[in-house]
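Fold and geometry: a report
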Amino acid sequence: MIKEDAEREERILMEIVVDCYHKTERAMGWYYYLEENLKFPFQAQCIAARSISPLRKGERVDVLKMGPEDECEKEMFVTIRWQGRNLAVPLAQLEGVTVDDKTGEALQDWRYWLKRGYEF
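Residues numbered from 1 in each chain as written. Predicted model: local features only at pLDDT ≥ 70, side-chain atom pairs only at ≥ 80, totals over all residues. Heavy atoms only, no water.

With that settled, consider the nonpolar core. Within the largest apolar cluster, 34 residues are counted, with the highest numbers of intra-cluster contacts made by Trp 30, Leu 34, Met 76, Ile 80 and Leu 94. The set of elements that each furnish at least two residues to this core consists of α1 (6-16), α2 (23-37), β1 (42-46), β2 (60-66), β3 (77-82), β4 (85-90) and α3 (101-115). Looking at this core element by element, the count peaks at 6 residues for α2. Beyond its immediate chain neighbours, meaning those up to four positions away, Trp 30 contacts Ile 12, Ile 16, Val 17, Met 76, Asp 109, Trp 110, Trp 113 and Phe 120. (Core = buried A, V, L, I, M, F, W, Y, C linked by side-chain atoms within 4.5 Å. Buried < 20%, exposed > 50% of the residue type's maximum accessible area, 1.4 Å probe, protein only. Helix = DSSP H or I, 4+ residues; strand = E, 2+ residues; numbered from the N terminus. Contact = heavy atoms within 4.5 Å.)

Structure representation (structure tokens):
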């Protein structure tokens, strides 16, 4: 677990999961926050292999948009272009390579949430 970041905690509590009383609401709070703050498309690099994803560590991909809303009720997914087709992969396995400040902050917020051990 990483050290608490008061500013990030405030943003998460007051902007992302505010008025969210159960896990589906918290998941959708995150979904809409990321959809609004990630500037698509952007380039990302795989930082961790996952059994549910074909990406290998170090592989670079173009992130096109958020994954389907109904797929993001337990984990955030993004749609990437991979080997000539669109595919949804876990956002947790990606790190932004070429991103603007707003996108970088949103990606860091998500990574912080995960590293703190928070759940929907």
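It is worth spelling out the packing of aromatic side chains at this point. This structure, assessed with the given rule, holds 8 aromatic pairs. An aromatic cluster of at least three residues, connected via ring pairs, comprises Trp 30, Tyr 33, Trp 110, Trp 113, Tyr 118 and Phe 120. (Phe/Tyr/Trp six-rings, centres within 6.5 Å; stacked < 30°, edge-to-face > 60°.)

Turning our attention to the state of the cysteines. Per the stated rule, a full pass over the model turns up 0 disulfides. In this structure Cys 46 is a free cysteine whose sulfur lies 17 Å from that of Cys 72, the closest cysteine sulfur available. Cys 46 gets classed as buried once you look at its relative accessible area, which sits at 1%. (Disulfide = S-S within 2.5 Å.)

Here the focus is the sheet that holds β4. Strand order in the open sheet formed by 5 strands is β4-β3-β2-β1-β5, with antiparallel pairing between adjacent strands. Looking at which strands have only one partner, the edges of the open sheet turn out to be β4 and β5 (94-98). Taking the axes of each pair of neighbouring strands and ignoring which way they run, one obtains an average angle of 45° across the sheet. Examined bridge by bridge, β1 and β5 share 4 bridges and lie antiparallel to one another. (Pairing = 2+ DSSP bridges. Axes fitted to C-alpha atoms, helices over the stretch in contact; angles between N-to-C directions.)

Right, let's get into the environment of Pro 54. With respect to the helices and strands, the residue Pro 54 is situated in the loop between β1 and β2. With a relative accessible area of 35%, Pro 54 lands in the partly exposed category. The sequence separation of Pro 54 and Val 89 amounts to 35 residues, and the corresponding C-alpha distance is 8.5 Å.

Here we take up the pairing of β4. Here β3 pairs with β4 via 6 bridges, running antiparallel. Looking at β4, one finds that Trp 82 is bridged to Arg 85.

Looking now at unusual backbone geometry. Backbone torsion omega between Phe 40 and Pro 41 reads -10°, so that peptide bond is classified as cis. Note that Pro 41 resides in the loop between α2 and β1. At Asp 19, a residue that is not glycine, the phi angle is positive and equals roughly 60°. Counting through the fold element by element, Asp 19 comes out in the loop between α1 and α2. Unlike most non-glycine residues, Gln 83 shows phi in positive territory, near 50°. By the element assignment, Gln 83 lies in the loop between β3 and β4.

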